[in-house]
Amino acid sequence: ALVGTAEAQAAAPVCTLPQTTPVPRPYGPSTNDPVRKVPIVYYSLSASWSPQYCRDSRGMGGTFSKNFQCDRTTNQFGFVLHGLWPDGQGKSWPQYCRPANLLSAATIRANLCMTPSADLLQHEWAKHGTCMSRTPDDYFGAARKAYAQLRFPDMTELARRDDLTVGDFTQAFLQANKGGPKGISQRAVQIALTDEGWLSEVRVCMNRRRHFAPCPTDNGGAVAATKPMRIWLPQ
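Here the structure is a predicted model, which means the values were calculated and not measured.

*Asks:* Hey, could you run me through the state of the cysteines in this one?
*Replies:* Disulfides are covalent bonds that link the sulfur atoms of two cysteine residues. Scanning all chains against the criterion turns up four disulfides. A sulfur-sulfur separation of 2.0 Å characterises the disulfide bridge that pairs cysteine 97 with cysteine 131. Between cysteine 97 and cysteine 131, the S-S dihedral sits near 100°, and the bridge is therefore right-handed. Pair noted here: cysteine 97 is in the loop between strand S3 (79-87) and helix H3 (105-111) and cysteine 131 is in the loop between helix H4 (118-127) and helix H5 (136-147), with a separation of 34 residues, a long-range link. Cysteine 97 sits in the buried class, given a relative accessible area of 19%. The class of cysteine 131 is buried, set by a relative accessible area of 15%. In the protein, the bonded cysteines, taken in the order they occur along the sequence, pair up as 1-5, 2-3, 4-6, 7-8.

Next up, the structure:
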């Protein structure tokens, strides 16, 4: 998202694809992260605040991905798509529903400006996409369609506020999406923070038809609206 615009679209203002397409590492179930086949009750669309990821140097991606995502001389990312996740009842969700081959270079290049990590793209397909789509292109196509509907508030203005709360940010996000896709209400939006209270992700719930809808009350993802939060901006 273009930092500093009132209603920024879910797209990077500057994204230059690398000459060489990165090859992801394979992902699959493990003892701590097993196969789980449970019915899909709803979906979560998760957008990460890239400046915070780059500041923390956490998450997946490896050196190449961090350079591609975080080197602002070539790319300028605001919000990026973490993933479209199928969710189950309560705190359970389906994952690794079938083996996943490595993504093709064409699929990676088609989605790298939306999710700027080949490893993360591979992980999302293996863990989540295999439970909801026949092919990677079907999965990423559905994710792209949903993500493209989102608009984001003026992050520079919000970051300057010393008294910003989760509720304030949620209202700014809802205002940015006013008149946009139906179903984005306060109950559909959940904010994820780092342990230190910095904005990490915005998650929007969708029903089984993949329309934006209120989150289930038992999914355990809500953060109190009164909780203070901060937004990291690139220096």
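*Asks:* Please explain the sheet that holds strand S5 (residues 189-193) as it appears in this structure.
*Replies:* Paired through their backbone hydrogen bonds, the strands of a sheet run either parallel or antiparallel. The four strands lie next to each other as S3-S2-S6-S5, forming an open sheet whose pairing is antiparallel. Of all strands in the sheet, those with a lone pairing partner are S3 and S5, marking the two edges. Geometrically, the sheet is characterised by an average inter-axis angle of 20° between neighbouring strands, direction not taken into account. Pairing geometry for strand S2 (residues 42-49) and strand S6 (residues 199-206), over six bridges, is antiparallel.

*Asks:* Explanation requested: H4 in the structure shown.
*Replies:* Because an α-helix completes one turn every 3.6 residues, residues spaced three or four positions apart along the sequence face the same direction. Burial runs high along H4: ten of the ten residues are buried. Residues of H4 that are buried: Ala118, Asp119, Leu120, Leu121, Gln122, His123, Glu124, Trp125, Ala126 and Lys127.

*Asks:* Looking at this structure, how should I read the side chain of asparagine 111?
*Replies:* Looking at where asparagine 111 falls in the secondary structure, it is placed in helix H3. Overall, the relative accessible area of 2% leaves asparagine 111 in the buried class. Every residue in contact with asparagine 111, bar those within four places of it in the chain, is listed here: Leu121, Phe140 and Arg144.

*Asks:* Looking at this structure, I do not really get empty space enclosed by the protein. What am I missing?
*Replies:* Over the atoms, a rolled probe matching the size of one water molecule traces out where space is still vacant. All chains considered together, the criterion is met by one cavity of 30 Å³ or more. For the largest cavity, the calculated volume is near 40 Å³. Looking at the largest cavity, the residues that line it are Leu81, His82, Gly83, Leu84, Thr115, Leu121, Glu124, Tyr139, Phe140 and Ala143. When residues in the lining of the largest cavity are grouped by element, the largest group, four residues, is from S3.

*Asks:* Where do I start with the pattern of salt bridges in this structure?
*Replies:* Where charged atoms from two side chains of opposite charge approach closely, those side chains can pair. In this structure the tally under the stated criterion is six salt bridges. Where aspartate 33 meets lysine 127, a salt bridge forms, and the shortest distance between an N and an O atom there is 3.6 Å. Here aspartate 33 is found in the loop between strand S1 (8-9) and S2, whereas its partner lysine 127 is found in helix H4, with 94 residues between them in sequence. Each member of the pair, aspartate 33 together with lysine 127, is buried. Across the pair aspartate 138 and arginine 134 runs a salt bridge whose closest N-O atoms are separated by 3.7 Å. Given the relative accessible area of 36%, aspartate 138 is considered partly exposed.

*Asks:* For this particular structure, what's the right way to read the layout of surface pockets?
*Replies:* Volume-wise, the second largest pocket comes out at about 310 Å³. Together, 18 residues line the second largest pocket, and Gln186, Arg187, Val189, Gln190 and Ala222 are the ones closest to its centre. When contributions to the lining of the second largest pocket are tallied by element, the ones reaching two or more residues are helix H7 (166-176) and S5. Here the lining of the second largest pocket is built from residues that sort into nine nonpolar, eight polar and one charged.

*Asks:* Even after reading the chapter, I still don't get unusual backbone geometry, so can you show me in this structure?
*Replies:* Phi is mostly negative for residues that are not glycine, and the peptide bonds are mostly trans. Positive phi is not limited to glycine here, since tyrosine 96 has a value of about 50°. Positionally, tyrosine 96 belongs in the loop between S3 and H3. Relative accessible area serves as the criterion here: at 5%, tyrosine 96 is assigned to the buried category. Located in the positive-phi region is arginine 210, a residue other than glycine, with phi close to 60°. Residue placement: arginine 210 occurs in the segment after S6. Using a relative accessible area of 28% as the deciding quantity, one classes arginine 210 as partly exposed.

Criteria and thresholds
- Residues numbered from 1 in each chain as written.
- Predicted model: local features only at pLDDT ≥ 70, side-chain atom pairs only at ≥ 80, totals over all residues.
- Heavy atoms only, no water.
- Disulfide = S-S within 2.5 Å.
- Helix = DSSP H or I, 4+ residues; strand = E, 2+ residues; numbered from the N terminus.
- Buried < 20%, exposed > 50% of the residue type's maximum accessible area, 1.4 Å probe, protein only.
- Pairing = 2+ DSSP bridges.
- Axes fitted to C-alpha atoms, helices over the stretch in contact; angles between N-to-C directions.
- Contact = heavy atoms within 4.5 Å.
- 1 Å grid on protein atoms, 1.4 Å probe; cavity = no way out; pocket = protein on both sides within 12 Å on 5 of 7 lines; lining within 4 Å.
- Points joined across faces, edges and corners; volume = space filled by probe spheres on them.
- Salt bridge = Lys/Arg side-chain N within 4 Å of Asp/Glu carboxyl O.
- Nonpolar A, V, L, I, M, F, W, Y, C, P; charged D, E, K, R; others polar.

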